[in-house]
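Observations on chain architecture
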Amino acid sequence: MRFPHGQRKVHCPRCNSAQVYRHGQNPYGHDRFRCRDCHRVFQLTYSYEARKPGVKEQIVEMSFNGAGVRDSARTLKVGINTVIRALKNSHRNR
Ligand SMILES: [Zn+2]
């Protein structure tokens, strides 16, 4: 099966099985998956979303434009810690 955002494996959060398959999308357009082993339905979490290329860059750009951490997190639908981490990394690279 193909995985979104380029990650190689999706694991079931309950039993950690890799036998999961795509099960449509939630209203926000996030992919949902169902585990073949325990039949749990789950969706990719913020941490998966943060790995999507471009989110970090968007966080940095928003901060340049004066957006606060909370604003960026809400707009990009990532966790506040993800925003803080992205900003810290971007400062270190300068
Ligand atoms: Zn499972």
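Just above sits the structure.
Residues numbered from 1 in each chain as written. Predicted model: local features only at pLDDT ≥ 70, side-chain atom pairs only at ≥ 80, totals over all residues. Heavy atoms only, no water.

Our focus in this paragraph is the coordination of the zinc ion. Looking at the zinc ion, one finds its protein donor set to be Cys 12 (SG), Cys 15 (SG), Cys 35 (SG) and Cys 38 (SG), positioned 2.2 to 2.4 Å from the metal centre. Viewed at the metal, the four donor atoms of the zinc ion are separated by angles of 101 to 122°, and the geometry they form is tetrahedral. Along the chain, the residues that donate to the zinc ion are spaced as C-x2-C-x19-C-x2-C. Pair noted here: Cys 15 is in the segment before strand E1 (20-25) and Cys 38 is in the loop between strand E2 (31-35) and strand E3 (41-43), with a separation of 23 residues, a long-range link. When its relative accessible area of 23% is taken as the criterion, Cys 38 is described as partly exposed. (Donors = N, O, S within 2.8 Å, 3.2 Å for Na, K, Ca; no water. Tetrahedral: all angles 85-135°; square planar, octahedral: opposite > 155°, others 65-115°. Helix = DSSP H or I, 4+ residues; strand = E, 2+ residues; numbered from the N terminus. Buried < 20%, exposed > 50% of the residue type's maximum accessible area, 1.4 Å probe, protein only.)

Here the focus is helix H2 (residues 55-64). What H2 keeps buried is the set Val 55, Ile 59, Val 60 and Met 62. Projection of H2 onto a plane perpendicular to its axis shows the buried side chains occupying an angular sector of 160°, all on one side. Exposed side chains of H2 directed beyond 90 degrees from the buried face belong to Glu 57, Glu 61 and Phe 64. (Arc of directions from axis to C-beta.)

Tracing the backbone shows Asn 16 in the segment before E1. On a C-alpha basis, the gap between Asn 16 and Cys 38 in space is 9.8 Å, while along the polypeptide they are 22 residues apart.

With that settled, consider helix H3 (residues 69-76). Of all the positions in H3, only Ser 72, Ala 73 and Leu 76 are classed as buried. Down the axis, H3 shows its buried residues gathered within 100° of arc, on one side only. Residues of H3 that are exposed and point more than 90 degrees away from the buried face comprise Arg 70 and Arg 74. Phi turns positive one or two residues past the end of H3, at Lys 77, with a value near 60°.

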